[in-house]
Amino acid sequence: MSDTIRFILDGEEVEAQKGDTIWEVANGRGLKIPHLCHRPEPGYRPDGNCRACMVEIEGERTLAASCIREPQEGMVVTTQSNRAKTARKMVMELLVADQPEREVAHDKSSHFWDMADLNGVTESRFPSMDAERIPLLDDSHVAMRVNLDACIQCNLCVRACREVQVNDVIGMADRGHDAFPVFDLDDPMGASSCVACGECVQACPTGALMPASILDDQQQGDRNDFDSEVKSICPFCGVGCQVSIKVKDDKVAYVEGINGPSNEGRLCVKGRFGFDYIHHGHRLTKPLIRRDDAPEKGLNVDPSNPWTHFREATWEEALDFAAKGLVDLRSYYGGKSVAGFGSAKCTNEEAYLFQKLIRQGFKHNNVDHCTRLCHASSVAALMENVGSGAVTASFNEIENADVAIVIGANPTENHPVAATYFKQFTKRGGELIIMDPRGQNGLKRHAAYNLQFRPGMDVALLNAIMNVIVEEKLYDRQYIEGFTEGFFEFREHIRAFTPERMAEICGIDAETIRSVARTFADARAAMIFWGMGVSQHVHGTDNSRCLISLALLCGHVGRPGTGLHPLRGQNNVQGASDAGLIPHVMPDYQSVADREVRDLFRHIWRGTEIEETPGLTVVEIMDRVYRGEIRGMYVLGENPAMSDPDVDHARKALAKLDHLVVQDIFLTETANYADVILPASALPEKSGTVTNTNRQVQMVRRAVPTPGEAREDWEIVVDLARRIGLDWDYDDPREVFDEMKMSMRSLHHITWKRLETESSVTYPCNGPEDPGQAVVFGDGFPRRAGRAKFTPARVTPPAEAPDKDFPMVLTTGRQLEHWHTGSMTRRATVLDAVEPEANCSIHPATLRQMGVEAGGRVRLTTRRGSVEIMARADRNVAPDMVFLPFAYVEAAANILTNAALDPFGKIPEFKYSAVRVEAADQPARVAAE
Ligand SMILES: Nc1nc2c(c(=O)[nH]1)N[C@H]1C(S)=C(S)[C@@H](COP(=O)(O)OP(=O)(O)OC[C@H]3O[C@@H](n4cnc5c(=O)[nH]c(N)nc54)[C@H](O)[C@@H]3O)O[C@H]1N2
Ligand SMILES: Nc1nc2c(c(=O)[nH]1)N[C@H]1C(S)=C(S)[C@@H](COP(=O)(O)OP(=O)(O)OC[C@H]3O[C@@H](n4cnc5c(=O)[nH]c(N)nc54)[C@H](O)[C@@H]3O)O[C@H]1N2
Ligand SMILES: [Mo]
């Protein structure tokens, strides 16, 4: 069994695990051995190149680099011998000779100078060697500065870029003492393929790579020049990276990744460099009430000058006004005349309070949020067939997989930190299967299979794969017998979907389909990840049903390295859904139609009767608003005037409302239509909990104050609730969390206190010591008899087909630097600088045919409307397709998209509309009737 080794370290017998290094063992015992090229953070391979960590080993002639040397049984190691200390000091002195003086250092508090101090080195006896060779400042990137005069060739930036984030941008040019890091083929950083994750900046020990925001004109700065450090969660995507926010003068100075369970220190460009949206001049700092003499409601408010339409109000006045408008509608037209959109950008406690306000205050369930436009269909299929809507395994489980499918998701742009784990998986030999009509720049070169099939044909492709698995009997009979139901009907159903027949429909040849089927079925452990390319279709639920069946067929659920993982989008969409911000279920997906559930909440909510009819969804609510049946709305942290599938309709609807209360951090397109605007807090300004895609409940801590008179969202919701007559008396998010625990089994063993100390606990959690279960359903499913179900799916075509007037296919989605409707990221300096202009992507051959240069302007027209926009040439997009992000108000994608809904998930078909593309300087062609 001997995985432990005993050896002598500085005179004491110590124990080490096999694979530990001397440095690790020493460090674990509090001994300080200097280190420069070694970074103890997870993911960094020791390299042993700088010799700063030398120790003496009895019986060995030369000193050993402790960061790479593993102890052996009986070895005698001395870390503090004179010989070792002298050697380390010498290494340091040689390096100091080539550094800029400490007083003018790029980073006065660099790890390098800490190590110099540790060695007692203040100056060097040696002459500087490299004044000549240094390619000096590279300030071509908006977010980062390169000052190679401080580079010590430690190679950490290369490992950061290649091995941790797997971006392969940085390499070393030249050799030995003359080596220096280069970007791509020695391009300026700003012109290289760098995606600005900033991992290299975080890893650099000397300040040669630094965040631009903390350097002055002289290229001098100090990483320790901050007033406080607060550990919290990134406000952008569902990965839920843990961040350390360094605050100076109540502003975010800079951000670093810390060792959270989902990110292990890594961040992406948004999480590291995208925080200053919270300090933007457009922040709402005072409550606003629409002026009596305001122009007609429309998209006509300038967020830097709202006074044309709004006037300042005190909180008292604004809250009274907000409440009165809603209460008046309730008394006059009944509670159903008011509906609410809550937010997946806010905390769990805020989501809980919001749905409670609508359910308790207006006696119905017409409360929903952006999950409807997102994974609603995936959740519908998961609930139906697995019995639970959350992921069955964390994405980090890919570490234990040997095959993984990524379908309809673009993680290098939308879940970039998750993508780093996917890329590392392929580096270890894992086989990645990508299924996406669009080629993926970031991931495809790592993939074993890259299936660029026809858009909307997921069921055809997946059924064909399952046909092979069934026909070739590659399925896991034992698993199917033990844990599933419906297999025999499914087997009959799937027989018709032969690869040959499906190849014609989906565009992937039968042999490739067979080969993918065998790869997946033969895997020891395989995972399936999916995104909006699967869910946002009129057949989104069918798409997910296929993915579930595929995993069940092969028994790839419930074990390490297996599982179903719909990559959740917003930072707290999992948590907001768990907290009941959904029209047909209460917290923890307990059905409003279930009497026992309603009884439970009557008890917890002190006598409130819960309406038993499931409520209306986002798009249905917007429809009723349009028809005048809903006259008042409370919109918290959502921007439907941009994100609704038919914004023309949504904007008209919003304009009709008698009373619209918007609570946001900016004057969004939606706030344009508000009667009253309540200035709220951004995530770094509040405390509470959020739940990420991995089911990890994590602590959000307040880092900076809200600007002006803006207040934390939960406080505003509580004050409004009191004014509409509810007897709420919460004084702290913690009290809300405690109330949530009364109805939510998912929070068992997860306490506020634990989250304060541990920062993150995964649900389900089996005990006060258990960090939570990363993989679930190994012993059965939360369904009848513990069995998951096969639900057959047929091929349904998209809701509209291209024809001669609209011959191409429009698909919409996201880009790395921008967040949804752009309200946050277009106000973040770095992100806006990198991606400043509304753009779409079109195949170069298609552009050529239209006579449009790359970067020229095109007009996109669908049956619903038209926008003009700059077109990029992109070979990843099929010649008959256009890819359009929806972040740009000046060319809003959702003027064009089709609002047709999936019947189960009620999700719109954002991923497929028929479109006509023309050069913008050509006269618009009028569609023939
Ligand atoms: N940078 C950034 N990151 C984000 C967000 C953001 O706005 N910006 N939003 C967050 C949110 S809320 C979400 S939900 C996630 C979404 O993350 P993703 O699901 O990755 O998002 P999308 O870019 O909408 O679409 C993913 C892919 O679906 C493909 N696709 C299109 N049609 C089809 C099809 O018919 N079949 C298949 N299989 N694929 C198709 C597209 O080519 C695209 O590559 O991202 C989250 N992360
Ligand atoms: N064409 C097209 N449309 C789509 C999609 C698509 O793929 N294509 N995807 C859909 C999907 S998956 C999603 S999730 C939706 C997203 O749709 P939305 O949720 O409407 O989009 P966001 O821009 O994220 O809106 C969040 C709002 O919250 C505000 N905010 C941020 N932080 C806070 C906070 O802490 N407190 C408060 N009060 N406000 C805050 C922001 O300023 C912003 O106005 O879009 C959907 N629409
Ligand atoms: Mo989403």
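Residues numbered from 1 in each chain as written. Chains lettered and ligands numbered in written order. Predicted model: local features only at pLDDT ≥ 70, side-chain atom pairs only at ≥ 80, totals over all residues. Heavy atoms only, no water.

Colleague: Please explain the pairing of strand β38 (residues 898–901) as it appears in this structure.
Modeller: Strand residues, when the strand is regular, have side chains that alternate between the two faces of the sheet. Two strands pair when backbone bridges link them, and β38 and strand β39 (residues 908–909) are joined in this way by two bridges, in the antiparallel orientation. Paired with Leu 901 across the bridge in β39 is Pro 908. (Pairing = 2+ DSSP bridges. Helix = DSSP H or I, 4+ residues; strand = E, 2+ residues; numbered from the N terminus.)

Colleague: Would you explain unusual backbone geometry in this entry?
Modeller: Keep in mind that most residues, glycine aside, have a negative phi and that most peptide bonds are trans. With an omega of -5°, the peptide bond between Tyr 763 and Pro 764 qualifies as cis. Within the element layout of this structure, Pro 764 appears in the loop between β31 (760–762) and β32 (788–789). With a phi close to 60°, Lys 363 is a non-glycine residue in the positive phi region. Structurally, Lys 363 can be placed in the loop between α8 (348–362) and β17 (367–368).

Colleague: Looking at this model, I keep getting lost on the packing of aromatic side chains. Mind explaining?
Modeller: Aromatic ring pairs are reported here in terms of the distance separating the ring centres and the angle at which the planes meet. On inspection of all chains with the given rule, the structure shows 18 aromatic pairs. Plain terms: the ring middles of Phe 487 and Phe 488 are 5.6 Å apart, the flat faces sit at 65° to each other, and that makes the pair edge-to-face. You can call Phe 487 buried: its relative accessible area is 7%. For Phe 488, a relative accessible area of 55% corresponds to the exposed category. Ring centres 5.7 Å apart and planes at 55° place the aromatic pair Phe 487 and Phe 790 in the tilted group. In this pair, Phe 487 sits in helix α14 (residues 487–494) while Phe 790 sits in the loop between β32 and β33 (808–813), placing the two residues 303 residues apart along the sequence. As far as the burial class goes, Phe 487 and Phe 790 line up, both buried. An aromatic cluster of three or more residues is present, and its members are Tyr 475, Phe 487, Phe 488, Phe 490 and Phe 790. The ring of Phe 362 is capped by Arg 330, whose NZ or CZ atom sits 5.5 Å from the centre of that ring. Positioned over the ring face of Trp 315 is Arg 711, at 5.2 Å from the centre of the ring. (Phe/Tyr/Trp six-rings, centres within 6.5 Å; stacked < 30°, edge-to-face > 60°. Buried < 20%, exposed > 50% of the residue type's maximum accessible area, 1.4 Å probe, protein only. Lys NZ or Arg CZ within 6 Å of the ring centre and 35° of its normal.)

Colleague: Explain the side chain of Asp 675 here, please?
Modeller: Note that Asp 675 resides in the loop between β27 (659–664) and β28 (676–679). Judged by relative accessible area, which is 11%, Asp 675 ranks as buried. Separated by 3.0 Å, the side chains of Asp 675 and Lys 297 make a polar contact. Of note is the side chain of Asp 675, whose polar atom sits 2.7 Å from the backbone nitrogen of Leu 660. If we ignore the near neighbours within four places in the chain, the residues touching Asp 675 are Leu 288, Ile 289, Arg 290, Lys 297, Phe 321, Leu 657, Asp 658, His 659 and Leu 660. (Polar contact = N/O pair within 3.5 Å; in protein donor to acceptor, adjacent residues only side chain to side chain. Contact = heavy atoms within 4.5 Å.)

Colleague: Sorry if this is basic, but what is going on with the packing of helix α9 (residues 376–385) against helix α18 (residues 540–553) here?
Modeller: Helix-helix packing is described using two parameters, namely the angle between the two axes and the distance between the axes. Contact pair α9 / α18: the axes reach a minimum separation of 8 Å and the direction vectors enclose 50°. By the criterion of interaxial angle, the relationship of α9 to α18 is oblique. As for how α9 packs across α18, the hand of that crossing is right-handed. Side by side, α9 and α18 meet where Ser 377, Ser 378, Ala 380, Ala 381, Leu 382, Glu 384 and Asn 385 of the first sit next to Gly 540, Thr 541, Ser 544, Arg 545 and Ile 548 of the second. Across the contact of α9 with α18, the residue classes break down as four nonpolar, six polar and two charged. (Axes fitted to C-alpha atoms, helices over the stretch in contact; angles between N-to-C directions. Parallel < 35°, antiparallel > 145°, perpendicular 65-115°, else oblique. Left-handed = near helix turned anticlockwise from the far one by under 90°. Nonpolar A, V, L, I, M, F, W, Y, C, P; charged D, E, K, R; others polar.)

Colleague: How should I be thinking about the environment of Lys 336 in this particular structure?
Modeller: Checked against the element boundaries, Lys 336 lands in the loop between α7 (315–333) and β16 (338–341). For Lys 336, a relative accessible area of 48% gives the class partly exposed. Sequence spacing of Lys 336 and Gly 615 is 279 residues, and the spatial spacing of their C-alpha atoms is 9.9 Å. If we skip the residues at most four places from it in the chain, Lys 336 touches His 364, Asn 366, Glu 629 and Ile 630.

Colleague: Looking at this model, I keep getting lost on α7. Mind explaining?
Modeller: One turn of an α-helix holds 3.6 residues; hence residues three or four places apart share an orientation. Between the first and last C-alpha of α7 there are 27 Å, a value that for 19 residues agrees with the 27 Å anticipated at 1.5 Å per step. Downstream of α7 by one or two residues, Gly 334 has phi in the positive range, about 95°. (Expected span 1.5 Å × (residues − 1).)

Colleague: Where do I start with the site of ligand 1 in this structure?
Modeller: Around ligand 1 lies a shell of 34 residues, among which Asp 436, Gly 456, Asp 458, Met 532 and His 818 are the nearest. With respect to ligand 1, the backbone of Gly 408 contributes an N or O atom lying 3.4 Å from an oxygen atom. Backbone polar atom of Glu 413 to a nitrogen atom of ligand 1: 3.2 Å apart, as the coordinates give it. Look at ligand 1: alone it shows 930 Å² of surface, and the protein chains cover 99% of it. Where the shell around ligand 1 is concerned, the elements lending two or more residues are α10 (411–414), α17 (532–535) and β33. Its residues assigned to classes, the shell around ligand 1 shows eleven nonpolar, 16 polar and seven charged. (Near = heavy atom within 4 Å. Areas by Shrake-Rupley, 256 points an atom, 1.4 Å probe, with all protein chains shown as cover.)

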